[in-house]
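# Architecture at a glance
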Amino acid sequence: MDTELLKTFIEVSKTRHFGRAAESLYLTQSAVSSRIRLLENQLGVNLFTRHRNNIRLTQSGEQLLPYAENLISTWQQARNAVTKNNYKNNTLSIGAVALIWETKLNDWLESLYSQHKNLQIEARIASRNILVQQLHERQLDLFIATEPPKMDELSSELLGSIPLRLFTYDKKGNDKKRTLISLDWGVDSVQQEQEILSQNNGISLITSSANMAKQMLKNTGSCAFLPEYWQQQNLDLKIVPQSATIHQSIYAVWLQNSEQESLIRKLLKNPVLVVDE
């Protein structure tokens, strides 16, 4: 049986809400619903009663819950036992979405190698959903994220925040009619982007790369939320007048009781960010 189905079942049983379970698991609500239906089909029973927003475990669901929790716990213990001897000192896998690597993590990685000898790091670029899944499956040691974790088994530390400003290259354009290059920094940026789109501005590009967004500003006449300090390195970047500043928080996230927790905390003593630098 797929352990991800059981994890999804356990989370829905905790939250009694498919939407909140989806947020906790970094999935879409439709993906959570599909997983529950698949699990129900495999077992041949209904696990939840659904009446609008009132979701409750059926008798079969109540019976399954302790077994599901024990199976997940046993699976994690088995993984720990198998992988424990494979860890090496000063070896760490770190994951983040592309725009976080481009903004600060590349510099942080360089500083780590200059201060720590015999360090071996595997740097991964992937989507949030994939990185969270790898973290749970102990395939990833450290996740640098733009939102705090919503699951009890994850530990986190606020590293600081990155001021974001709405930039453009085209000084002559109409600021109220600029198209938008969309970057998923987090909840606050999504809200600000929605305000821009509400002014009948379209989206010219959706990307997970801040460098690509900056490069495409020249050719599209669009605007995008980028790190404020980038203007010091790119004098052609112009702040769109009366646009808001977003202070995007950055978090280090790892699995509680991780074999690599001591190394993670050691490396995090070397600052990734200075708060609101």
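Structure shown above.
The following refers to the structure shown. (Residues numbered from 1 in each chain as written. Predicted model: local features only at pLDDT ≥ 70, side-chain atom pairs only at ≥ 80, totals over all residues. Heavy atoms only, no water.)

Counting its regular elements, the protein contains ten helices and eleven strands. For the protein, the spread of C-alpha atoms along the three principal axes comes to 65 × 55 × 25 Å. For the protein, buried positions account for 48% of its 277 residues. Of the roughly 14800 Å² of accessible surface on the protein, 46% is carried by carbon and sulfur atoms. Within the protein, the 29 negative side-chain charges are centred at a point lying 2 Å from the centre of the 30 positive side-chain charges. (Helix = DSSP H or I, 4+ residues; strand = E, 2+ residues; numbered from the N terminus. Buried < 20%, exposed > 50% of the residue type's maximum accessible area, 1.4 Å probe, protein only. Areas by Shrake-Rupley, 256 points an atom, 1.4 Å probe, with all protein chains shown as cover. Lys, Arg positive; Asp, Glu negative; His and termini not counted. Charge placed at Lys NZ, Arg CZ, Asp CG, Glu CD.)

One non-glycine residue, R138, lies in positive phi territory at about 60°. Looking at the element boundaries, R138 is found in the loop between α6 (128-136) and β5 (142-145). The backbone phi angle of N257 is positive, close to 65°, even though this residue is not glycine. Structurally, N257 is set in the loop between β11 (246-255) and α10 (261-268).

Counting residues in hydrophobic clusters, the biggest one holds 47 residues, and the most contacted among them are I100, W108, L142, I144 and L226. The greatest single-element share of this core, amounting to seven residues, is contributed by helix α5 (residues 98-115). Sequence-distant contacts of I100, defined by excluding residues within four places in its chain, comprise L105, I144, T146, W185 and I250. Residues I36, F48, L64 and I72 belong to the second largest nonpolar core, which totals 19 residues. (Core = buried A, V, L, I, M, F, W, Y, C linked by side-chain atoms within 4.5 Å. Contact = heavy atoms within 4.5 Å.)

Once that is clear, we can look at the packing of helix α2 (residues 18-25) against helix α3 (residues 29-43). For any two helices packed against each other, one specifies the crossing angle of their axes together with the interaxial distance. Close contact between α2 and α3 brings their axes to 8 Å; oriented N to C, the two are set at 105°. It follows from the interaxial angle that α2 and α3 lie roughly perpendicular. Contacts between α2 and α3 involve F18, G19, A21 and A22 from the first element and Q29, V32, S33 and I36 from the second. Its residues placed into classes, the contact of α2 with α3 shows five nonpolar, three polar and no charged. (Axes fitted to C-alpha atoms, helices over the stretch in contact; angles between N-to-C directions. Parallel < 35°, antiparallel > 145°, perpendicular 65-115°, else oblique. Nonpolar A, V, L, I, M, F, W, Y, C, P; charged D, E, K, R; others polar.)

Relative orientation of the contacting elements helix α1 (residues 3-15) and α3 amounts to 110°, with a least axis distance of 9 Å. Accordingly, the angle class assigned to the pair α1 and α3 is roughly perpendicular. With respect to the hand of their crossing, α1 and α3 are arranged in left-handed fashion. Side by side, α1 and α3 meet where E4, L5, L6, T8, F9 and V12 of the first sit next to V32, R35, I36, L38, L39 and Q42 of the second. Residues belonging to the contact of α1 with α3 are distributed by class as follows: eight nonpolar, two polar and two charged. (Left-handed = near helix turned anticlockwise from the far one by under 90°.)

Attention now goes to the side chain of T103. For T103, the position within the fold is in helix α5. Given the relative accessible area of 1%, T103 is considered buried. Sequence-distant contacts of T103, defined by excluding residues within four places in its chain, comprise I162, W185, P227, Y229 and W230.

Time to look at α6. When we look at burial in α6, the residues that qualify are R128, L131, V132, Q134, L135 and H136. Phi turns positive one or two residues past the end of α6, at R138, with a value near 60°.

Among the eight residues that make up α2, six are buried, leaving the element largely enclosed by the rest of the structure. Turning to α2, its buried residues number three or more, namely F18, G19, A21, A22, S24 and L25. The elements touched by buried residues of α2 are α1, α3, β1 (48-51) and β2 (54-57). Phi turns positive, to about 55°, at Y26, one or two residues after α2.

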